[in-house]
Amino acid sequence: MLTAPVHETVLENGLQVLSVDRRASPTATLQLWYRVGSRHERPGITGVSHIFEHLMFKGTSRYPKGEFDRLLQENGMTNNAFTSHDFTAYYEVMAADRLELAMELESDRMQGLLLDPEEFRAELAVIREERRQTREDPPFGLLSELVDASVFTAHPYHWPVIGWMTDLKTITLEDVIRYYRDFYRPNNAVLVVVGDRRAEDVLALARRYFGEIPRGPEIPPVLIREPEQLGERTVSVHKAVQLPGLLIAYRAPESTHFDATVLNVLEFILLHGRSSRLYQRVIYRDQLATDVSGGMHTRRDPSMFTLRASARPGVSIETLRDALHEETGRLAREPVTTVELARARRAIEVDYVFSQESNYEIAQNLGAEACRSHWRACVESLELNLRVTAEDILRVAGEIFRPTRRTVGLLVPDPDAPSPSRPERSREPVPVPVQVQVPVEAEA
Amino acid sequence: MSQETPTQFRIHVERHRLSNGLELLLVPRRELPIVSLTLLVRDGIAAERSGEAGLAHLTAVTFPQGTRSRSALQLSEEVESLGTSLGVHADYDHLSLGLATLARDFDAALRLLAEVALQPAFADDEVERKRRDVLSHLERRKDDLADRVRNRLAGTLYGGHPYRNPRLGSTETVAALAPGLVRAFYERVFVASRSVLAIVGDIEPARLIDRIEAAFGVWPERAAPAPPPPPPAPRTVRGIETIQKRGVVQATIRAGSLSIARNDPDYAALQLVNYILGGSGFGSRLMRSLREERGLTYGVYSGFSARREAGHFSIGLQTSLDSAELALREVLREVDRLLQDGVTDNELRWAERFFTGSLPLSFQTNDQLATYLLEQELFDLEDEFWMRDLERMKSLSRSDLDAAARRHIHPEQFAVVVLGDFDETTPAPRLA
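These figures come from a predicted structure and were not determined experimentally. (Residues numbered from 1 in each chain as written. Chains lettered and ligands numbered in written order. Predicted model: local features only at pLDDT ≥ 70, side-chain atom pairs only at ≥ 80, totals over all residues.)

Draft legend 1. Expanded view of the overall build of chain A. A tally of helices and strands in chain A yields 16 helices and 11 strands. Seen along its three principal axes, the alpha-carbon backbone of chain A occupies a region of about 60 × 55 × 40 Å. For chain A, the proportion of its 444 residues judged to be buried stands at 51%. By sequence separation, contacts in chain A at least 24 residues apart represent 81% of the contacts at least 6 residues apart. (Helix = DSSP H or I, 4+ residues; strand = E, 2+ residues; numbered from the N terminus. Buried ≥ 20, exposed ≤ 12 C-beta atoms within 10 Å, placed from the backbone. Contact = placed C-beta atoms within 7 Å.)

And the structure:
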């Protein structure tokens, strides 16, 4: 139910090309998605997908470092990249007449990347700072890693996308080069263009710039499945924070499973808006939490549904936890009301229509679904969501919100808690004593 | 590559003024069956009086807590039955209320927005509830390192001016706010003749005026609030302050000085200067020096705050505790280099082309468009200022940029704030 059709072509070398011709503004977004993320990593090189995302900006023989940025600037293009569990993607947002430049730059770095040892070392230092800034200092950063590591004991969703700090010190350039050779291939990529360009133009440019790149070996599938969870798991992180925090994760199905859609609707009823159940219960009525958030983690393999909250000053973490358990338990016992379901459906419809406002968001949804299952999933998602009934929600809540499927993460304020990683005395990559990662790895 | 991107970005705006002085900006955009409504009043945090820090925010977040005819829950249910939620925001020079809905729900959205804006209940128990919410948010924010550093810097730069007030206020000021102050603040700043209602989306302007008049025409006349005090005199010396925070692994640094108002004629030149120094992400001088060459930080950015009176210029970053002094030194070195040697021809050309080329990207969504229109109103900018700014940029030379930078960036007056867990082995950085 997109407002414009999606054109799909698969080139001979396996590159999947998706385009949507939209005339709403004279702009376009190009996104190049690689079907590789932390899901394809192994212990010792965790974080390599994300490291690689950084290295993709280091230049090629045709466009040396700095030239890439300069060309984008000069053309008024904005760009960036992101890495997730299931994929890595690179994008340019531009006036539609600059599309060819974006095509050329992306095709050039699919194959021609220069990987200099000095650049590599310097970039690892940047990524360690990124890890400190985004995972180690924010109150919930390490707790959420610990919860992931506890929910997923065997599956690669176990480790964080950014990687363990020790791996960010010991990974080698050879590891990274092997990774590039294996995964950065046209047959492992999806090229998405949304904007004011005709599908024929997009395809012609895609053939010109990507058509000659040879197909690589097929990527072996990730077959590992997380074993059944047999009991409630409780983990905690002590940290010098002001307020206790709570992160509860329930095992949930993969994105293609209908129950994942049911959980999406349930998420609206539980968490979206001031009329939602958890806002009303723990913020408005009982005033137990400063905030509550969470929802379905949509992933290729079975994943989780999470709830996250901070307790107010003077409220115990157990009181807040019990209130959240009570509300999820209620969903498993009593059907949601007609009014609640109607409100959720309307919000999903409105979100869907507003998501059609931006080329970027359309491309983002197509690319993510193409990597997880099939791009058609995002075309069908609205209809599928609207089909969810109160009975579906009751059934799925009954199956998912069970103590034995649950991991409870506690953030415990402790002014004397040790720092996760003290400053590096040397810029050399040195093996790090085990204690550095204790809060995370002890539970891993 | 072609350089044919349209630099003409015209927006068809229909302007009207209701009898009570409320200004209407109506922009039809028909691509999708959606519409965004934003009501902006031209006073915000800067209208807080002494001891009232946090009152603008408390007022904004109390709007959803009910109207004369609906309780908090009834109002939320009514708004959210349209698949949307009420947006409220308090900024330094404005307050805003907004709803974005499907076009078929326009009438209901318009009525609800008017009801919230003109008949807020501000019941004592609901104000008290929100006050407790804000106090608990303030407690949580003590762990938001960048926020703490930003607030401390503003406190140092703005002296006694209300621009120093943190957006949420402080634990001390919010704890002391009496419930009656919310209504008093509302009556002080919610003045029809100082307000703008922007409606962007799938609308037919001619058919809306009567309906808007019916919804918003009942807004009573009120006197405009007293203007805020003039901004404080700039500092005359450089100084550094440290915030000790246990358990953190990075130093959070921000350095800045008072600078221009948003409607200063040098604004366009300074946008280019800032782009070159630290406003352009990976390509900026600061990012190249601190991230690319030295691996000191994940990101370093500079920027000017847009304010009606004097704003400020600042540079912020996070780095390992033991790199703080080196990183700060490099930041100051880049600022000095900019002021001494100026920008290069190439930098000027690339920056100007970036702004020209990226203009179409700024007008993709209804909300983006409304933001530009409201910025124009809020700061009394020229009509279609985004195009006037581009014309100005094209006419600027290197020496124009260098002169503007020297006029408005003052490292000798920089206040520097550093937060971290410092001790004898890893001492807090000092200024050379």
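Draft legend 2. Fine view of the overall build of chain B. A count of helices and strands for chain B gives 15 helices and 11 strands. For 432 residues, the compact-globule estimate of 2.2 N^0.38 gives 22 Å, and the C-alpha radius of gyration of chain B, at 23 Å, lies within 12% of that figure. Taken over the C-alpha atoms alone, chain B extends approximately 60 × 55 × 35 Å along its principal axes. A total of 432 residues make up chain B; the buried ones form 52% of that total. Residue pairs in contact within chain B that sit at least 24 positions apart in sequence constitute 82% of those at least 6 positions apart. (Rg over C-alpha atoms; globule rule 2.2 N^0.38 Å.)

Draft legend 3. Main features of the sheet that holds strand β3 (residues 27-34) of chain A. Residues and elements named next belong to chain A. As summarised here, the arrangement of the six strands in space is β1-β2-β6-β3-β5-β4, forming an open sheet in which the pairing is mixed. The sheet terminates laterally at β1 (7-10) and β4 (78-83), the two strands that pair on one side only. For this sheet, the mean angle separating the axes of adjacent strands, direction not counted, is 15°. Pairing analysis gives six bridges linking strand β2 (residues 16-21) to strand β6 (residues 189-195), with the strands arranged parallel. (Pairing = 2+ DSSP bridges. Axes fitted to C-alpha atoms, helices over the stretch in contact; angles between N-to-C directions.)

Draft legend 4. The nonpolar core, seen in detail. Ranked by internal contacts, the top residues of the largest apolar core, which has 129 residues, are Leu113, Leu197, Leu272 and Val273 of chain B. It is helix α9 (residues 267-279) of chain B that contributes the most residues to this core, nine residues altogether. Formed jointly, this core draws a minimum of three residues from each of two domains, domain 1 (14-216) and domain 2 (239-420) of chain B. Once residues within four sequence positions are removed from consideration, Val273 of chain B is found in contact with Val343, Leu401, Ala404 and Ala405 of chain B. Listed in part, the 123 residues of the second largest apolar core include Tyr179, Leu263, Val336 and Ile393 of chain A. (Core = buried A, V, L, I, M, F, W, Y, C linked by C-beta atoms within 7 Å. Domains from an automatic or database assignment.)

Draft legend 5. The sheet that holds strand β8 (residues 250-258) of chain B, seen in detail. Residues and elements named next belong to chain B. If you walk across this open sheet you meet the five strands as β7-β11-β8-β10-β9, and the pairing is mixed. Here the strands that pair on one side only, and so sit at the sheet edges, are β7 (239-244) and β9 (297-304). Going across the sheet, the axis of each strand differs from the next one's by a mean of 15°, ignoring polarity. As defined by bridge partners, β7 adjoins strand β11 (residues 415-420) across six bridges and the pair is classed as parallel. Bridge pairing in β11 links Gly239 to Ala415.

Draft legend 6. Representation of the interface of chain B and chain A in the model. Of the residues lining the interface, 61 residues belong to chain B; the matching set on chain A comes to 58 residues. Every element with two or more residues in the side of chain B that touches chain A is listed here: α2 (72-80), β5 (95-102), α4 (124-141), β9, β10 (312-320) and α12 (345-358) of chain B. Sort the elements by how many residues they give to the side of chain B that touches chain A and α12 of chain B lands first, with six residues. Of the residues that constitute the side of chain B that touches chain A, the class distribution is 21 nonpolar, 26 polar and 14 charged. (Nonpolar A, V, L, I, M, F, W, Y, C, P; charged D, E, K, R; others polar.)

Draft legend 7. Inspection of the pairing of β8 of chain B at higher detail. Residue and element names in this part refer to chain B. Burial of β8 is extensive: nine of the nine residues sit out of reach of the surface. Pairing of β8 with β10, which is carried by nine bridges, proceeds in the antiparallel orientation. Among the inter-strand pairings, Ala251 is bridged to a residue of β10, identified as Thr319. Both β8 and β11 contribute to a ladder of five bridges, which runs antiparallel. The residue of β11 that forms the bridge with Ile253 is Val418.

Draft legend 8. Geometry of the packing of α12 of chain B against helix α14 (residues 385-395) of chain B. All names here are of chain B. It is at 10 Å that the axes of α12 and α14 come closest, and there the two elements cross at 155°. Judged on the interaxial angle alone, α14 and α12 are roughly antiparallel. By crossing handedness, the relation of α12 to α14 is classed as left-handed. Contacts between α12 and α14 involve Glu352, Phe355 and Thr356 from the former and Leu390, Met393 and Lys394 from the latter. By residue class, the composition of the contact of α12 with α14 is three nonpolar, one polar and two charged. (Parallel < 35°, antiparallel > 145°, perpendicular 65-115°, else oblique. Left-handed = near helix turned anticlockwise from the far one by under 90°.)

Draft legend 9. Fine view of the confidence of the model for chain B. Residue and element names in this part refer to chain B. Of all residues in chain B, 98% have pLDDT values of 70 or greater, and the mean over the chain is 94. Counting interchain partners and residues more than four positions distant, the pLDDT-below-50 stretch residues 1-7 has 16 contacts. Complex prediction metrics read pTM 0.93 and ipTM 0.93. (pLDDT = per-residue confidence, 0-100.)

Draft legend 10. Main features of the domain arrangement of chain B. Residue and element names in this part refer to chain B. Each domain of chain B was delimited in the assignment, giving domain 1 (14-216) and domain 2 (239-420). On a C-alpha basis, the centroid separation for the pair domain 1 and domain 2 is 28 Å. Taken residue by residue, the interface counts 25 residues in domain 1 and 25 residues in domain 2. Where the side of domain 1 that touches domain 2 is concerned, the elements lending two or more residues are β2 (23-28), β3 (34-41), α5 (145-158) and β6 (195-201). With nine residues, the top contributor of residues to the side of domain 1 that touches domain 2 is α5. In the side of domain 1 that touches domain 2, the residues fall into 14 nonpolar, five polar and six charged.

Draft legend 11. Quick look at helix α11 (residues 324-341) of chain B. In this model α11 of chain B runs 25 Å from its N-terminal to its C-terminal C-alpha over 18 residues, within 8% of the 26 Å that 1.5 Å per residue would give. Among all positions of α11 of chain B, only Ala324, Glu325, Ala327, Leu328, Glu330, Val331, Glu334, Val335 and Leu338 of chain B are buried. (Expected span 1.5 Å × (residues − 1).)

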